[in-house]
Amino acid sequence: QQISLAKSKDLRFTMIAQRFLSATTRPLSRRALLSASFSTTTSNHDVFSKISFIGTGKMAQALIAPLITQKLQAPSSINAFDVSDEALKQVEELYPGVQVSNSIQDSVQDANLIVYAVKPQNVGKVHAEIRRAKEERGTDGVRDDAIILSVAAGTPIANFVEGSLVEKVARSMPNTPAQIGAGVTVWFCT
């Protein structure tokens, strides 16, 4: 089951957030996950034109895996950035077709969903890079319709709007069983 707490002026945003977050709560057996073929073909059911994951740890992978295995998002429309080159290599090996970037600015370019999957102490650095991309490149750096989804704990939602200059923000806390479709996700959005 998914527990949703939503407060939104934008019904479309709420519906998109619900559809994205529901991907992590659909049943997916461990066997199916382990034997899944991560197809690099384009999905007709992409939830977003491009999803950018900033950070590629367990929480990010708990979201990436069901998006791909349940064919909700084509791997080619998922981009990842991590400060660790080794972590990026692991993502490329685990999820063929997922694109990787060498900078936050490159990762978020043209993304209409930006997932903050970083430790709370690194949120400010991500804000600064997204703000800089928005200020320097305008809509070529960060789309006007971009949504931030944060899985970083302990950061107030207002901090995301002020820090990144992105107005649509959802905070979420999936748990790692989401990787096998057995998780619960609580979320809140602007």
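Before reading further, recall that the structure is shown in the block above.
Just so it is clear, the model here is predicted, and its values are computed rather than measured.

(A) Expanded view of the sheet that holds strand β3 (residues 99-100). Pairing is mixed across the open sheet formed by seven strands, whose spatial order is β3-β2-β1-β4-β5-β6-β7. Edge positions in the sheet fall to β3 and β7 (185-189), since each has one partner strand and no second. Pairing of strand β1 (residues 51-54) with strand β2 (residues 78-81), which is carried by four bridges, proceeds in the parallel orientation. Bridged to I54 within β2 is F81. Helix-sheet contacts for helix α7 (residues 157-164) involve β4 (113-116), β5 (147-150), β6 (168-174) and β7, and the interaxial angle to β6 is about 135 degrees.

(B) Looking closely at the pattern of salt bridges. Under the definition given, this model contains four salt bridges. Measuring nitrogen to oxygen at the nearest pair gives 2.8 Å for the salt bridge that ties E129 to R132. Here E129 and its partner R132 are both found in helix α6 (residues 123-137), three residues apart, which amounts to about one turn of the helix. For E129, a relative accessible area of 23% puts it in the partly exposed group. Linking E135 and R131 is a salt bridge whose minimum nitrogen-to-oxygen distance equals 3.7 Å.

(C) Looking closely at the layout of surface pockets. Quantified by volume, the largest pocket comes out at close to 420 Å³. For the largest pocket, the lining is made up of 22 residues, of which G55, A117, V118, K119 and N122 are closest to its centre. Those elements that provide at least two residues to the lining of the largest pocket are α3 (58-69) and α6. Take the lining of the largest pocket: its biggest share by element is three residues, from α3. Here the residues of the lining of the largest pocket sort into 14 nonpolar, four polar and four charged.

(D) Structural detail: the side chain of S164. Mapped onto the elements, S164 comes out in helix α7. A distance of 2.6 Å separates a polar atom in the side chain of S164 from the backbone oxygen of F160. Separated by 3.2 Å, the side chain of S164 and the backbone nitrogen of V166 make a polar contact. The contact partners of S164, leaving out residues within four places of it in the chain, are Y116, H127, I130, R131, K134 and I148.

About the thresholds
Residues numbered from 1 in each chain as written. Predicted model: local features only at pLDDT ≥ 70, side-chain atom pairs only at ≥ 80, totals over all residues. Heavy atoms only, no water. Pairing = 2+ DSSP bridges. Helix = DSSP H or I, 4+ residues; strand = E, 2+ residues; numbered from the N terminus. Contact = heavy atoms within 4.5 Å. Axes fitted to C-alpha atoms, helices over the stretch in contact; angles between N-to-C directions. Salt bridge = Lys/Arg side-chain N within 4 Å of Asp/Glu carboxyl O. Buried < 20%, exposed > 50% of the residue type's maximum accessible area, 1.4 Å probe, protein only. 1 Å grid on protein atoms, 1.4 Å probe; cavity = no way out; pocket = protein on both sides within 12 Å on 5 of 7 lines; lining within 4 Å. Points joined across faces, edges and corners; volume = space filled by probe spheres on them. Nonpolar A, V, L, I, M, F, W, Y, C, P; charged D, E, K, R; others polar. Polar contact = N/O pair within 3.5 Å; in protein donor to acceptor, adjacent residues only side chain to side chain.

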